[in-house]
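Architecture and fold: a report
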Amino acid sequence: MAVLLEKDFPVEAAAYATAGEASTTIKRTLKQLGVSADVLRRVSVACYEVELNLVIHSDGGTLKLLVTPEKVTLISSDVGPGIPDIEKAMTEGFSTANAEARTLGFGAGMGLPNMKRNATEFDIQSEVGKGTRITMSFALKG
């Protein structure tokens, strides 16, 4: 599988002022590559959600973009508290966002469900005290 593009975007913890910049750059890049509007929309939603989760819940991390002729893949890796109960975290409306995030309008508890809903493939691995890795793929064809 030929990798057409691979790029890493560092995301800082609690960087609310710059939250969404990586997602915007990724969307612009995929649009320039000619990704269809439907796939672009789904990647953009999931990408923004995962970037916000890095800002709100982690101690910082990286968002990796991989593009092949078959799919777009986003990999979010963070250093942080990890998720003690992934099943509970996947429940719509469940949130552990802090007061600052909620005051700024974030933390509605839809991030992980929105990621899974928009991705063709979705995987989440987390270890308490270590961090979380979310891998999402979006098929470019059929």
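This text goes with the structure placed above it.
Below: a short report on this structure. Sequence order sets the numbering: in each chain, residues are counted from 1 along the sequence as written. Local features in this predicted model are restricted to residues whose pLDDT is 70 or higher, and side-chain atom pairs enter the listing and the counts only when it is 80 or higher, whereas totals over whole chains, interfaces and linings include all residues. Only hydrogens and water are set aside when side-chain values are computed; all heavy atoms of the structure are taken into account.

Here's the deal with the pairing of strand β4 (residues 121–127)
Two strands qualify as a pair provided DSSP detects at least 2 bridges between them. Helix numbers and strand numbers start at the N terminus; a helix is a DSSP run of H or I with at least 4 residues, a strand a run of E with at least 2. Here β4 pairs with strand β5 (residues 131–139) via seven bridges, running antiparallel. Counted as the bridge partner of I124 is I134 from β5. Connecting β4 to the antiparallel partner β5 that follows it, the hairpin turn spans three residues, and G129 within it adopts a positive phi of roughly 85 degrees.

A look at the packing of helix α1 (residues 21–32) against helix α2 (residues 37–57)
Two elements in contact, α1 and α2, have axes whose closest approach is 8 Å; the angle formed by their N-to-C orientations is 160 degrees. For the element pair α1 / α2, the angle class is roughly antiparallel. You can see that α1 and α2 cross each other, and the crossing is right-handed. When α1 is examined against α2, the residues E21, A22, S23, I26, K27, L30 and K31 are found in contact with a partner set consisting of L40, V43, S44, C47, Y48 and E51. Following the grouping adopted for this structure description, the nonpolar residues are Ala, Val, Leu, Ile, Met, Phe, Trp, Tyr, Cys and Pro, the charged ones are Asp, Glu, Lys and Arg, and the polar ones are all others, Gly among them. Residues that form the contact of α1 with α2 fall into these classes: seven nonpolar, two polar and four charged. Helix axes use the C-alpha atoms of the stretch in contact, all axes being lines fitted to C-alpha atoms, and the angles between their N-to-C directions lie in the range 0 to 180 degrees. By definition in this entry, angles of less than 35 degrees are roughly parallel, angles greater than 145 are roughly antiparallel, angles of 65 to 115 are roughly perpendicular, and the rest are oblique. Crossings are assigned a handedness: left-handed for a near helix turned anticlockwise from the far helix by less than a right angle, right-handed for a clockwise turn. Should any heavy atoms of two residues lie within 4.5 Å, those residues are considered in contact.

Re the sheet that holds strand β3 (residues 71–78)
Paired through backbone hydrogen bonds, the strands of a sheet run either parallel or antiparallel to each other. Pairing is antiparallel across the open sheet formed by five strands, whose spatial order is β1-β2-β3-β5-β4. Single-partner strands in this sheet number two, and they are β1 (5–11) and β4. The average angle at which neighbouring strand axes cross in this sheet is 10 degrees, direction not considered. The strands touched by α2 within the sheet are β1, β2 (61–67), β3 and β5, with β5 carrying the most contacts at an inclination of about 175 degrees.

Details of α2
Multiplying one less than the number of residues by 1.5 Å gives the expected span of a helix. For α2, which comprises 21 residues, the first-to-last C-alpha distance of 30 Å matches the rise-based estimate of 30 Å (1.5 Å per residue) to within 8%. Judged by how many residues are buried, α2 sits mostly within the fold: 15 of 21 residues are covered. Residue burial is assigned from relative accessible area. The probe radius is 1.4 Å, only protein chains are included, and a residue is buried under 20% of its type maximum, exposed over 50%, and partly exposed in between.

With respect to the packing of α2 against helix α5 (residues 111–118)
In the contact formed by α2 and α5, the axes pass within 9 Å of each other and the chain directions differ by 150 degrees. With respect to each other, α2 and α5 are oriented roughly antiparallel. Both α2 and α5 take part in a crossing whose hand is left-handed. Packed against α2, whose contacting residues are R41, R42, V45, A46, E49, V50 and N53, the element α5 presents G111, L112, N114, M115 and N118 at the interface. Class assignment of the residues belonging to the contact of α2 with α5 gives a composition of five nonpolar, four polar and three charged.

Examining the nonpolar core
Within this scheme, the nonpolar core is defined by two criteria: the residues are buried Ala, Val, Leu, Ile, Met, Phe, Trp, Tyr or Cys, and they are joined through side-chain atoms within 4.5 Å. Counting residues in each nonpolar core, the largest one holds 34 residues, and the members touching the most others are L30, L63, M136 and F138. When residues of this core are traced back to their parent elements, those giving at least two are β1, α1, α2, β2, β3, α5 and β5. Looking at this core, the element that brings in the most residues is α2, giving ten residues.

Distances and angles like these do not, on their own, reveal function.
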